[in-house]
Amino acid sequence: MNQLESTSQVLQDAFDPDRFRSVGRQLIDLLSHHFEETYARKKPQAIPYQSPEEALAFWKKDFRTKTSALNVFEEVLARSINVHHPRNMGHQVTVPALIGGLAGLVSDVLSNGTGVFEVGMASNAMERIITSLVATTIGFDEQANGLFTSGGTLANLTALLAARQAKAPSKVWDVGHQEKLAIIVSEEAHYCIDRAARIMGFGKEGIIKVPVDEQFKIRTDLLEKHLANAKAQDLHVIALVGCASSTATGAYDDLAALGQFCQKHNLWFHVDGAHGGAVVFSKKHQPLVKGIELADTVVIDFHKMLLTPALSTALIFSDGALAYQTFQQRAQYLWDAAQEEEWYNSGKRTFECTKFMMVLKVYALIKEFGLEVFEENIDCLYAKTQAFAKLIQNRSSFRLAVEPEANILNFQYVDVANENINQLNSQIRQQLLEEGKFYIVQTMLGDQRYLRTTIMNPHTTELDFMGLLDEIEQIALKLKG
Ligand SMILES: *Cc1c(COP(=O)(O)O)cnc(C)c1O
């Protein structure tokens, strides 16, 4: 029975629960079948690669053709990278546990905006619980808490804005920049740190990049020198950012040393743990982030190592009260008391106004499988990466860039007869992409091009690793002609 008496048919249809039920059931069947086939290895391709022009042409034609939403979902499935595929080893995108997708569905159809308490009663309370849990797991005391926000990029910017509020000599938020401000980071930091500093108006000279050692970790022996240089140039350094881990190689900076340096010089210590901060959940790998408890802020993406569909990012403050200083604004129609620390109005502390119920995905996962699901995932993926590294070291035609600490692994195909190894590896990666049986990416480390893999899928086995190396050798042979 539809209650929209005098409304048009199209609006009645748009809200029809029967249609929702019917399409929804078909969609769940479609997706479940897709996952069954993927895990049974009946899907030959990790990525059904199309060029941008081919993809655009297809979707232009599709857009003009009269088909249903379900048809669209089918086409999307057929024309998208399959992140659940055991031979997808490309980017650091989590392979989401399927329950997370159902949480996303709930978030979407309820469309609770979360920014103010009433339109996110459940999600604001859940955010409080999960951020406290993450804070405790990091090793912070009860003063700590935080927020959820749309991705590591935004979380890093938010943390650096808080750092500026706390450490800049002038109240930049009210009076604009009076001094030249700067942050110190490793040259291997994710590009979004550089971007955040530029958004904040620090300019190029406000991002002081410290070289890394041969393990790709920030050289802590150079910190004093870089800070002194900055002072000599009239720059006021407000913060130091540690990588846990770095994006290109998955190297963990020495957080304990960085934390001590920050304490000595009264700097804000921010840890970009978007990818590898997740190891706080693993007893085995927690030592990689020794010293993280010295941080003022920590970012952890649940959509990287923690099985949660994108986006879902926690930003944790060791002193939760400072999170309210970041954006001091009046929005009378939202909040009566702009200055009050109301945990339940999450928009006071986030960049976003409207925000989907991203924490629900994390909460539902923990409820369904227990917290140990995170530890199991990390331990499993880090172990697989070690096994892959051994396989590479045992083959003379491959060279490992560096022993992996996380689940990111870079290697090169080497051929003594070929003088242009960089070009050869680029060609190999392009060929792999077009074939689509395996999905990997590439990166530059120094002046060397490497094939880059991230082992994100517990379903990936040693046979897949060997299959990839065999495939690369065959492609290289063909390229030789
Ligand atoms: C992925 C990543 C980011 C960016 O996070 P998004 O969620 O993609 O915005 C930042 N820093 C590191 C170290 C990362 O791995």
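Okay, so let's go over this structure. Along every chain, residues carry numbers that run from 1 in the direction the sequence is written. Where local features are concerned, this predicted model is filtered to residues with pLDDT of at least 70; where side-chain atom pairs are given and counted, the filter is 80 or more; whole-chain, interface and lining totals use all residues. The basis for every side-chain value is the complete set of heavy atoms in the structure, and neither hydrogens nor water enter the calculation.

Before going further, it helps to spend a moment on the overall build of the chain. Counting secondary structure elements, the chain contains 15 helices and 11 strands. Note that the radius of gyration is over C-alpha atoms, with the globule rule given as 2.2 Å times the number of residues to the power 0.38. Rg of the C-alpha trace for the chain: 24 Å, near the compact-globule value of 23 Å for 481 residues, within the 12% margin. For the C-alpha atoms alone, the extent of the chain along its principal axes is close to 80 × 60 × 40 Å. Counting only residues that meet the buried cut, the chain has 50% of its 481 residues in that class. Contact between two residues is taken to exist if any of their heavy atoms lie within 4.5 Å; hydrogens are not considered. Sequence-distant contacts in the chain: of pairs separated by 6 or more residues, those separated by 24 or more amount to 70%. Per element, the accessible surface of the chain, about 22700 Å² overall, is 53% carbon and sulfur. Secondary structure elements follow DSSP: runs of H or I of four or more residues count as helices, runs of E of two or more count as strands, with numbering from the N terminus. Buried residues are those whose accessible area, probed at 1.4 Å on protein chains only, stays under 20% of the maximum for their type, while exposed residues exceed 50% and partly exposed ones sit between those limits. A 1.4 Å probe and the Shrake-Rupley method give the accessible areas. Residues count as covered only by the protein chains that appear here.

Turning our attention to the nonpolar core. Put simply, a nonpolar core is a bunch of buried Ala, Val, Leu, Ile, Met, Phe, Trp, Tyr and Cys residues held in one set by side-chain atoms that sit within 4.5 Å of each other. Ranked by internal contacts, the top residues of the largest apolar core, which has 61 residues, are Ile138, Phe302, Leu306 and Phe374. Ranked by the residues each element gives to this core, the list is headed by helix α12 (residues 358-369), at six residues. In contact with Phe374, not counting residues within four places along its chain, are Phe281, Phe302, Leu306, Leu307, Val362, Leu365 and Ile366. Grouped together as the second largest cluster of nonpolar side chains are 32 residues, Ala155, Leu157, Ala274 and Val299 included.

This brings us to the pattern of salt bridges. Salt bridge, as used here: a side-chain nitrogen of Lys or Arg that lies within 4 Å of a carboxyl oxygen of Asp or Glu. Applying the stated criterion across every chain, the model contains 19 salt bridges. Across the pair Arg79 and Glu75 runs a salt bridge, and its minimum N-O distance is 3.1 Å. Here Glu224 ties to Lys264 by a salt bridge, and the two come within 2.7 Å at their closest N and O atoms. Placement of Glu224 in helix α10 (residues 223-232) and of Lys264 in helix α11 (residues 255-265) is noted, with a sequence separation of 40 residues between them. One salt-bridge network, held together by shared partners, links Arg41, Arg87 and Asp464.

Strand order in the open sheet formed by four strands is β8-β9-β11-β10, with antiparallel pairing between adjacent strands. Every other strand in the sheet has two partners, leaving β8 (398-400) and β10 (441-445) as the edge strands with one partner each. Strand-to-strand twist in this sheet, taken as the mean axis angle between neighbours without regard to direction, amounts to 40°. The criterion for strand pairing is that DSSP finds at least two bridges linking the strands in question. In terms of strand pairing, β8 meets strand β9 (residues 408-413) through three bridges, oriented antiparallel. Note that in β9 the partner of Phe398 across the bridge is Tyr413. Axis angles are defined between N-to-C directions and span 0 to 180 degrees, where every axis is a line fitted to C-alpha atoms and, for a helix, only to the segment in contact.

As a further point, take the pairing of strand β11 (residues 448-454). A large share of β11 lies buried, amounting to six of its seven residues. Taken together, the four bridges between β9 and β11 define a ladder with antiparallel strand orientation. In the sheet register, Phe411 faces β11, and the bridge partner there is Leu451. Hairpin geometry of β10 and β11 is characterised by an intervening segment of two residues between the two adjacent antiparallel strands and by a positive phi of about 60° at Gly446.

A few words now on the sheet that holds strand β7 (residues 313-317). Read across the sheet, seven strands follow the order β1-β7-β6-β5-β4-β2-β3 without closing on themselves; strand pairing throughout is mixed. In this open sheet, the two edge strands, each paired with only one partner strand, are β1 (145-149) and β3 (207-210). Strand-to-strand twist across the sheet, computed as the mean angle between neighbouring axes with direction ignored, equals 20°.

We now examine a nonpolar patch on the surface. To count toward a patch, a residue needs a relative accessible area above 30% and no salt bridge. Like charges then connect within 9 Å, nonpolar side chains (Val, Leu, Ile, Met, Phe, Trp, Tyr) within 5 Å. A contiguous nonpolar patch, built from Phe20, Ile28, Leu102, Leu105, Val106, Val109 and Leu110 and spanning about 610 Å² of accessible area, is present on the exposed surface. Elements supplying a minimum of two residues to the nonpolar patch: α2 (17-39) and α5 (98-110). Assignment of secondary structure puts Leu110 in helix α5.

Of all the residues in helix α9 (residues 191-199), the buried ones are Cys192, Ile193, Asp194, Ala196 and Ala197. Residues of α9 that are buried sit in contact with α7 (152-167), β2 (180-186), β3, β4 (235-243) and β5 (268-272). After α9 finishes, the residue Gly201 shows a positive phi value of roughly 85°.

Before going further, it helps to spend a moment on the site of the ligand. Surrounding the ligand, one finds 15 residues, the nearest of these being Gly152, Thr153, Asp272, His303 and Lys304. Definition of a polar contact: a pair of N or O atoms within 3.5 Å, with one able to donate and the other able to accept a hydrogen when the atoms are protein atoms, and with sequence-neighbouring residues admitted only if both atoms are side-chain atoms. Interatomic distance of 2.7 Å between a backbone N/O atom of Gly152 and an oxygen atom of the ligand. Here an oxygen atom of the ligand sits 2.8 Å away from a polar atom, N or O, in the side chain of Asp301. If the ligand stood free it would expose 380 Å²; the protein chains cover 87% of that surface. One heavy atom within 4 Å of a molecule or strand is enough for the residue carrying it to be called near that molecule or strand.

All right, on to the packing of aromatic side chains then. When two rings of Phe, Tyr or Trp (its six-membered ring) have centres within 6.5 Å they constitute a pair, described as stacked for plane angles under 30 degrees, edge-to-face for angles over 60, and tilted for the intermediate range. In total, this model carries 14 aromatic pairs according to the counting rule given. Aromatic side chains Phe398 and Tyr413 sit 5.7 Å apart centroid to centroid with 80° between the ring planes, which places their arrangement in the edge-to-face category. With Phe398 in strand β8 and Tyr413 in strand β9, this residue pair connects regions lying 15 residues apart in the sequence. Under the relative-accessibility criterion, Phe398 is labelled buried at 6%. Exposure remark for Tyr413: the relative accessible area of 7% places this residue in the buried category. Linked through ring pairs, Phe388, Phe398, Phe411, Tyr413 and Phe465 together constitute an aromatic cluster.

For the rest of this paragraph, the subject is the environment of Thr454. With respect to the element layout, Thr454 can be found in strand β11. Given the relative accessible area of 0%, Thr454 is considered buried. In this structure, the C-alpha to C-alpha distance between Thr454 and Ala122, residues 332 residues apart in sequence, is 34 Å. In contact with Thr454, not counting residues within four places along its chain, are Met89, Gly90, His91, Gln92, His275, Asn407 and Ile408. Looking at Thr454, its side chain comes within polar contact range of the main-chain oxygen of Gly90, at 2.9 Å.

Shape descriptors only; they carry no functional weight alone.
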